[in-house]
Amino acid sequence: MPIVDSRTGKARRNYSLEELIEAANLMRGYNMICLCAAGSGHSGGTMSIMDITAALYLHVATHDPEDPFWDGRDRIIWSTGHKAPSLYLGLGMAGYFDVEEVVKLRKLYSPFQGHPHWLKLAGVEASTGSLGQGLSIANGVALAAKLQNKSYHVFCLTGDGEHQEGQIWEAVMEAGNFKLDNLINILDKNRLQIDGWVKDVMDIDPIVDKYKAFKWNVMEIDGHDMKQIVEALEKAKLHKGQPTVIVAHTVKGKGVDFMENVAGWHGKAPVCEQMEKALAQLKVDQKLDYKRLFKKADDYQAEVTKKLEAKMPKFKKDYFWNMQKNMKVEMDPTRIGFGRALDKGGDDPRVVCLGADISGSIAISKFYEKHPERKKRFLSMGIAEQSGTGVAAGLAKEGMIPVFGTYGVFSAGRNLDQLRTTVCYGNFNVLIAGAHGGVSVGPDGATHQALEDLFQICGLPNMHVVVPCDSIETEKATEYLLFEIKGPKYIRFAREATPIVTDEKTPFKFGEANIYRFREEKEKFKDAFEVKLASEYVSEGEDLTIIACGPEVPEAMRAAWILKEDFGLETRIINMHTLKPLDEESIIKAGQETGIIVTAEEHQVGGFGNRVSGVISQATQLYKTPLLFGMIGVKDRFGESGKPWELIKEFEVSGEHIAQMAKRLYDIKKEG
């Protein structure tokens, strides 16, 4: 049934096959513009799924854009959440909102998040992004219909690389077992994932035979033939006694020749020149005024920036990065330091790196890129964090030094039980990389922003945890963890380029903090600070202490600069790069000698701060010491899509916010 008026049961609009083909092509054009305006996103998969999107939202699924929560609607679950722009365009074309609004894709405060969030946008049925989970949600929705005697159908969109996740196969087994004939899984088989061809990374075929073995009705179609798509979907809605999977053979990047069948376009957006070529190839360059749409996006961004800046603490001048004539800083992604360490240390035959489909993104591929002889010691595990963790434990048991890495949300959360029971309980020598920690993954949004991993990881017995402050310290920490620490170990680092505040001469001692002191403004930001090991530092009678980890260390240094220049306050900055074991002595001395401690973390508040406060509350040396304590961190909320530096401000973890809290505590102390 086409789009309906739920009050009358009449169709709001009928689309012919020709109109569906035209709509899908137009949506591809909008997609190119929206991704280009966002400056990030997933081109390949959004283009491969667009014909199916048009067929679902404009012709086959029963739904009412005027009543998004109408109980009689069909439910559409996007398990492949990274293809969110296709979902948004389908909703827009169906009439849920002006389709041009999607040009606000991935911008701060926009409902069009990098991965879909059902609480932000009517028409989105589930919040997804962590692959492999959507089919289970769809099973639950389909079971609810059975239990409540409702007649709606449930469509789930999955990908072929996603079928490397074990949870998918649990869901496949469940659906077959419960005979969910109101469930239709549409498998976008475009054959590519981030790390290359699916068959080369982790082959899922013969996928048809596997589904049949799990008691599914299976159809295979050309996912770009609109007639086949519509007929298969309508036939699937009529099938009884089994769930149906439609294996749609598609082309990644469909419609744009330089994108088609190129793995590199999985998670990349076109720049303006590429977008113009794409629009011309799609023959929509005369239909879509991209300059007007870009202005719409720019105007929205201007409003966001104005709102964001209004929330920022104000000081005598703009102390933000590289806004002054002096105090300049160079930026480098911390993940690059991780890659450099693997490149340097990879000749040791015990080292084995395990990739989880984002190898280039987290720089674990640096292990073999210049060393083809090491490729046999690089294992592509596919999108399978839980099994990959167990495999790493097995390798460690036999004397290897495995390095398993993926985004922190997955390497610390998706596989938490495997880390706890297999790696930590067995005390195996496994290095886990929690990449893209904090909000630095930016526009990808909440599902990909690791803001809880320190709670999870630091609570595991036997685990060693390091959160380095910049790319140079990341390189040193990775080398040390690889060869000097035997047992479970976790290193957390960011995606975005962050300030370099150390150099080769800067001390790094596992388990011992560094103390930074702002001296005076210099041409280079880094040179304005003196740094010593905590054990070598002698108190200078500072007014307060800021204890930070990771990218918050540069922010803490900037806060110290603000406090000195605006208020004449002297600050002890502690770079607590090792979170487990914690340098308790440096914390206790700071409490005794300054009387004010502020912690700063790019994490849910308390992941780091609670550990510091635990030391303070149990230190007998501090029982009679008046001590004011505050914590800077994300305030019990999920992430958002937005530019990384916007999110630092939005989540109130910037140097300005640290300085504001420190000054408030100082004023309270002086008043007392």
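For clarity, every value in this text was computed on a predicted model and none was experimentally measured.

Further remarks concern the packing of aromatic side chains. One pass over the full model with this rule turns up 18 aromatic pairs. The lysine or arginine in question, Arg75, covers the ring of Tyr152, its NZ or CZ lying 3.8 Å from the ring centre. Over the face of the ring belonging to Trp265 we find Lys268, whose NZ or CZ atom lies 4.2 Å from the ring centre.

What follows covers the pattern of salt bridges. Taken as a whole and judged by the stated rule, the model has 55 salt bridges. In this structure, the salt-bridge partner of Asp453 is Arg492, at a minimum N-O distance of 2.8 Å. Taken as a pair, Asp453 in helix H18 (residues 453-458) and Arg492 in strand E16 (residues 489-492) lie far apart in primary sequence, 39 residues in all. Its relative accessible area of 2% is what places Asp453 among the buried residues. Note on Arg492: relative accessible area 4%, which makes it buried.

Core analysis: the largest hydrophobic core is formed by 72 residues, its most contacted members being Met32, Ile33, Leu56, Leu58, Tyr88, Phe155 and Leu233. Among the elements that take part in this core, helix H1 (residues 17-38) stands out by supplying 13 residues, more than any other. Excluding its chain neighbours within four sequence positions, the residues that come into contact with Ile33 are Val103, Met275, Leu279, Leu288, Tyr290, Leu293 and Phe294. Core analysis: the second largest hydrophobic core is formed by 47 residues, Val501, Ala528, Leu665 and Tyr666 among them.

With that settled, the discussion passes to the sheet that holds strand E15 (residues 464-466). Spatially, E12-E11-E13-E14-E16-E15-E22 is the arrangement adopted by the 7 strands of the open sheet, whose pairing is mixed. Strands at the two margins of the open sheet, each flanked by one partner only, are strand E12 (378-380) and strand E22 (578-580). This sheet shows a mean twist of 20° between the axes of neighbouring strands, independent of strand direction. In this sheet, E16 lies alongside strand E14 (residues 431-435) in parallel orientation, the contact comprising 4 bridges. Within the sheet, the bridge partner assigned to Leu431 lies in E16 and is Lys489. Taken strand by strand, helix H19 (residues 471-484) contacts strand E11 (351-355), strand E13 (401-407), E14, E15 and E16, and its axis lies near 170° from that of E16.

This part takes up the side chain of Thr46. The residue Thr46 is located in helix H2 (residues 43-48) in this model. Of the polar contacts made by the side chain of Thr46, one reaches the backbone oxygen of Ser43; its length is 2.8 Å. Residues contacting Thr46, with those up to four places away along its chain left out, are Asn31, Leu35, His82, Lys83, Pro85 and Ser86.

For the rest of this paragraph, the subject is the pairing of E11. For E11, a buried count of 5 out of 5 residues is recorded, marking the element as mostly surrounded by other parts of the structure. Residues Val351, Cys353 and Gly355 point to one face of E11 and Val352 and Leu354 to the other, with burial holding for every one of them. As paired elements, E11 and E13 share 4 bridges and run parallel to each other. Within E13, the residue paired with Val351 across the bridge is Ile401. Judged from the 3 bridges that link them, E11 and E12 form a sheet pairing that is parallel. Counted as the bridge partner of Leu354 is Leu379 from E12.

Glancing now at the packing of H1 against helix H3 (residues 50-60). Following both chains from N to C, one finds H1 and H3 inclined at 120°, their axes separated by 9 Å at the closest point. Here H1 lies oblique to H3, going by the angle between them. Between H1 and H3 the crossing geometry is right-handed. Only Met50, Asp51, Thr53, Ala54, Ala55, Leu58 and His59 of H3 make contact with H1, whose side of the interface consists of Leu20, Ala23, Ala24, Met27, Arg28 and Asn31.

Rules used in this analysis
- Every chain begins its residue count from 1, and numbering advances along the sequence as written.
- Where totals are concerned, whole chains, interfaces and linings use all residues; where local detail is concerned, this predicted model gives features only for residues with pLDDT of at least 70, and gives and counts side-chain atom pairs only at 80 or more.
- Values reported for side chains reflect all heavy atoms of the structure, with hydrogen atoms and water molecules removed beforehand.
- To pair, rings of Phe, Tyr and Trp, with the six-membered ring standing in for Trp, must have centres within 6.5 Å; the planes then decide the type, stacked if under 30 degrees apart, edge-to-face if over 60, and tilted in the middle.
- Two limits define a charge over a ring: the Lys NZ or Arg CZ must be within 6 Å of the ring centre, and within 35 degrees of the ring normal.
- Throughout this description, the term salt bridge denotes a Lys or Arg side-chain nitrogen within 4 Å of a carboxyl oxygen of Asp or Glu.
- Strands are runs of DSSP state E lasting at least 2 residues, helices are runs of H or I lasting at least 4, and numbering of each runs from the N terminus.
- Each residue is assigned to one of three classes by its accessible area relative to the maximum for its type, calculated with a 1.4 Å probe on protein chains only: buried under 20%, partly exposed between the two thresholds, exposed over 50%.
- As used here, the term nonpolar core means buried Ala, Val, Leu, Ile, Met, Phe, Trp, Tyr and Cys residues forming a set that is joined through side-chain atoms within 4.5 Å.
- The contact definition used throughout considers only heavy atoms, calling two residues in contact when any of these lie within 4.5 Å.
- When DSSP locates at least two bridges between a pair of strands, those strands are taken to pair.
- A fitted line through C-alpha atoms serves as each axis, taken over the contacting stretch for helices, and the angle formed by two N-to-C directions is quoted from 0 to 180°.
- Contacts described as polar in this section are N or O atom pairs within 3.5 Å, which, within protein, must combine one atom able to donate a hydrogen with one able to accept it, while residues neighboring in sequence count only if both atoms come from side chains.
- Should an angle fall under 35 degrees it is called roughly parallel, over 145 degrees roughly antiparallel, and 65 to 115 degrees roughly perpendicular, with every other angle called oblique.
- Rotating anticlockwise by less than a right angle from the far helix to the near helix defines a left-handed crossing, while the corresponding clockwise rotation defines a right-handed one.

From the geometry alone we can't say anything about function, so treat these as descriptive.
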